[in-house]
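As a plain string of letters, each chain reads:
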Amino acid sequence: MFGKSVTTGRTTAAAEGEVVVLLIGMRINHFRAPHHWLPVLLAMGRMLRELGKDPERGLLGHVLLTASPRTYYVVQYWESKERLYAYAHSPDMFHHRAWAVMNRKERAGKARQHVGLWHETYVVPEGAYESIYADMPAFGLAGAHGQVPVERRGRQARERFAYRSEKATASEEL
């Protein structure tokens, strides 16, 4: 967030429709085995750079986080679960090659439990998320989808949860 300008006042994410959030990370189980966990840590950055160079893949934004000196993860916001699946399974993308290496090591009995991997994916329908940012640059969901003054969606969380975009309203009427 260095260098990003602060938006004064209260804003909310301009997201409309469903929101796709991927939490993906790693845990260093044995610090003394960097030859096992360092390639995984570096691969996370490589995949993010790859996606950053090709916005058509569907990654809208991401936030790098740490839960402890052992655990690192990325919160990713995707255009759709279909775009996320397409990236994960695309043979020309680094993720596919990285998982192939990991699967080969596991089948050969060479996965030595030095590094743990995890991910959780959430597809959240409109009306099941809300956000508020006070004197913040665009961050998280607002960084991925843009931000609007909080008054456009409601001053209270209850009102923001109740917000329905034109697209959602039209599909509800069908």
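Quick summary incoming for the structure in this document. (Residues numbered from 1 in each chain as written. Predicted model: local features only at pLDDT ≥ 70, side-chain atom pairs only at ≥ 80, totals over all residues. Heavy atoms only, no water.)

**Re the nonpolar core**
The test is simple: Only buried residues count toward a nonpolar core, which is a set of Ala, Val, Leu, Ile, Met, Phe, Trp, Tyr and Cys residues joined through side-chain atoms within 4.5 Å. For each residue, the accessible area found with a 1.4 Å probe, counting protein chains only, is set against the maximum for its type, and the residue is called buried under 20%, exposed over 50%, and partly exposed in between. Here a helix means four or more residues in a row that DSSP labels H or I, a strand means two or more in a row labelled E, and each is numbered from the N terminus. Note on definitions: a residue-residue contact is assigned when non-hydrogen atoms from the two residues lie within 4.5 Å.
Met26, Trp78 and Tyr87 are the most contacted members of the largest nonpolar core, which has 20 residues in total. For this core, the secondary structure elements donating two or more residues are β2 (19–28), α1 (34–53), β4 (71–78), α2 (81–89) and α3 (94–107). Residue contributions to this core peak at seven residues, all from α1. Aside from chain neighbours lying at most four places away, what touches Met26 is Trp37, Val40, Leu41, Met44, Arg70, Thr71, Tyr72, Val115, Gly116, Leu117 and Trp118. Membership of the second largest hydrophobic core comes to 14 residues, among which are Tyr77, Val124, Tyr133 and Leu141.

**Topic: the sheet that holds β2**
Quick reminder of the rule: Criterion used throughout: strands pair if DSSP finds at least two bridges between them. Here an angle of 0 to 180 degrees is reported between the N-to-C directions of two axes, which are lines fitted to C-alpha atoms, with helices fitted over the stretch in contact.
Pairing in this open sheet of four strands is antiparallel, and the strands run β3-β4-β2-β5 from one edge to the other. If you trace the sheet from one side to the other, it starts and ends with β3 (59–66) and β5 (115–124), each paired once. For this sheet the average axis-to-axis angle between neighbouring strands, irrespective of direction, equals 15 degrees. In this sheet, β4 lies alongside β2 in antiparallel orientation, the contact comprising eight bridges. What sits directly across from Val20, in β4, is Trp78.

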